[in-house]
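# Tertiary structure, described
Below are the chains, spelled out letter by letter.
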Amino acid sequence: MKKLLTGLLLGSITIPSLFIAASVARNSQLFMPNGYKEIKKSINTLDKYNDLGDQQIRFTITPGYYAAWRAKDFGLCKSESCTYIRRLNPFKKYSDETINEIIRQDKIFGTNYAYATSSGNISLSQSTFDLYRNKKGYLECVLAHEVSHVLNNHSYQESLKRNQLEGLSKKDIEHKTMAKRRDFELEADFDSIEMVFNSGIDPKACIDSLRFDSYLSGYYYTTKKDSTHPGLEERISKNNEFLEHHKKNSIKPQSSKKRGKWEYRRKENVLLFRPN
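Residues numbered from 1 in each chain as written. Predicted model: local features only at pLDDT ≥ 70, side-chain atom pairs only at ≥ 80, totals over all residues. Heavy atoms only, no water.

### Quick word on the state of the cysteines
- Scanning all chains against the criterion turns up two disulfides.
- There is a disulfide in this structure between C77 and C82, and the S-S distance comes to 1.9 Å. Looking along the S-S bond of the C77-C82 disulfide, the torsion reads about -115°, which is the left-handed sense. In this structure, C77 and C82 share a single accessibility class: buried.
- Regarding the disulfides, the protein chain carries the connectivity 1-2, 3-4 under sequence-order numbering of its bonded cysteines. (Disulfide = S-S within 2.5 Å. Buried < 20%, exposed > 50% of the residue type's maximum accessible area, 1.4 Å probe, protein only.)

Set out below in structure tokens:
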């Protein structure tokens, strides 16, 4: 009887069922890279006390600018931005060993980097997570900043501003558009401070992370007419002003019972968040 049951059990395990099981395991959030687990934990913290909108957000971990620069050195692309290399899946092995080595070096020598697209994609460089280790609140601040760009449709707003300036000289259009873009960066900064404050995280982390990021990049920047971001000291000063004002006028938020849903897609190198 025991042999019969064993035979029936083994017989019921078909090839299709094995493929299904393998697919489920491959896309299981239990087995996704640690960086994605950190993103999920941080966004869940923000989601508990903040309205993250109703648009699906796709998070992806990619190589950073260091990989792009090395790829240009090897003649893999002409531009230093080298978008193709910066959007590769760093968790995948490639037939081209040069690409594998560039991705490996990028994780070690690269810096933290994040950006959002108008369609709701938020990309973080693979170096970010090691560099932010033991930096409490830094990841939440960066994620909140990029989520703000998505929620406020900043890419669209920048395009709208540029179109409204038609008729001016090319130089004036550029300078006025960049001034507006700097305003959007400050708005995203202020939103991130508010979100982490609401979530019980020390919002000073958002300000401290700005100087820390500058240290990591080895680059000090000031505000110029064509700058996409405010200069470091101006940015820190305005963030401090907003924080002091927010502390005095904030109302303790209520925890929301609604929670967003998550889906990990290993093949696409994407972690999807669907707010409720």
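From this point, the narrative continues.
### Considerations on the layout of surface pockets
- If you add up the space inside the largest pocket, you get close to 1500 Å³.
- As for the largest pocket, its lining consists of 46 residues, and the residues nearest its centre are Y113, A114, E185, H229 and R235.
- Every element with two or more residues in the lining of the largest pocket is listed here: helix 4 (65-73), strand 2 (114-116), helix 8 (138-151), helix 9 (154-164), helix 10 (170-198), helix 11 (204-217) and helix 12 (232-249).
- Per element, the largest residue contribution to the lining of the largest pocket is seven residues, and it comes from helix 11.
- Tallied by class, the residues present in the lining of the largest pocket amount to 18 nonpolar, 20 polar and eight charged.
- Considering only enclosed or pocket space, the second largest pocket measures out at about 320 Å³ in volume. (1 Å grid on protein atoms, 1.4 Å probe; cavity = no way out; pocket = protein on both sides within 12 Å on 5 of 7 lines; lining within 4 Å. Points joined across faces, edges and corners; volume = space filled by probe spheres on them. Helix = DSSP H or I, 4+ residues; strand = E, 2+ residues; numbered from the N terminus. Nonpolar A, V, L, I, M, F, W, Y, C, P; charged D, E, K, R; others polar.)

### Structural notes on the side chain of S199
- With respect to the helices and strands, S199 occurs in the loop between helix 10 and helix 11.
- A distance of 2.8 Å separates a polar side-chain atom of S199 from the backbone oxygen of M195.
- Ignoring any residue separated from it by four or fewer positions in sequence, one finds S199 in contact with T45, L46, Y49 and N50. (Polar contact = N/O pair within 3.5 Å; in protein donor to acceptor, adjacent residues only side chain to side chain. Contact = heavy atoms within 4.5 Å.)

### Some details on unusual backbone geometry
- Its identity is not glycine, yet N134 carries a phi of approximately 70°, on the positive side.
- Note on placement: N134 falls in the loop between helix 7 (128-131) and helix 8.
- Given a relative accessible area of 76%, N134 falls into the exposed group.
- Even without being a glycine, N153 presents a positive backbone phi close to 50°.
- Looking at the element boundaries, N153 is found in the loop between helix 8 and helix 9.
- Judged by relative accessible area, N153 falls into the partly exposed class, the value being 40%.

### Re the nonpolar core
- In terms of nonpolar packing, the biggest core is built from 40 residues, with I39, I43, F59, L124 and L271 touching the most fellow members.
- By residue number, the principal contributor to this core is helix 8, which donates eight residues.
- What I43 contacts, discounting residues up to four positions off in sequence, is L52, F59, L143, V147, W262 and F273.
- Counting 11 residues, the second-largest nonpolar core is a separate cluster that includes A71, C77, C82 and L88. (Core = buried A, V, L, I, M, F, W, Y, C linked by side-chain atoms within 4.5 Å.)

### Thoughts on the pairing of strand 4 (residues 261-265)
- Residues W262 and Y264 of strand 4 are buried on one face, while the alternating residues K261, E263 and R265, pointing to the opposite face, are not.
- Judged from the five bridges that link them, strand 4 and strand 5 (residues 270-274) form a sheet pairing that is antiparallel. Pairing of W262 across the sheet is with F273, part of strand 5.
- Counted along the chain from strand 4 to the antiparallel partner strand 5, the turn is four residues long, and its residue N269 has a positive phi close to 55°. (Pairing = 2+ DSSP bridges.)

### Focus: empty space enclosed by the protein
- The final tally for this structure, using the stated rule, is one cavity of 30 Å³ or more.
- Together, T62, P63, R86, Y113, Y115, S123, L124 and S125 line the largest cavity.
- Broken down by element, the residue count for the lining of the largest cavity peaks at three residues, all from strand 3 (residues 121-125).

### Things to note about the environment of E187
- Mapped onto the elements, E187 comes out in helix 10.
- For the pair formed by E187 and H154, sequence separation is 33 residues and the distance between their alpha carbons is 9.7 Å.
- In contact with E187, other than residues within four places in its own chain, are S148, N152 and H154.

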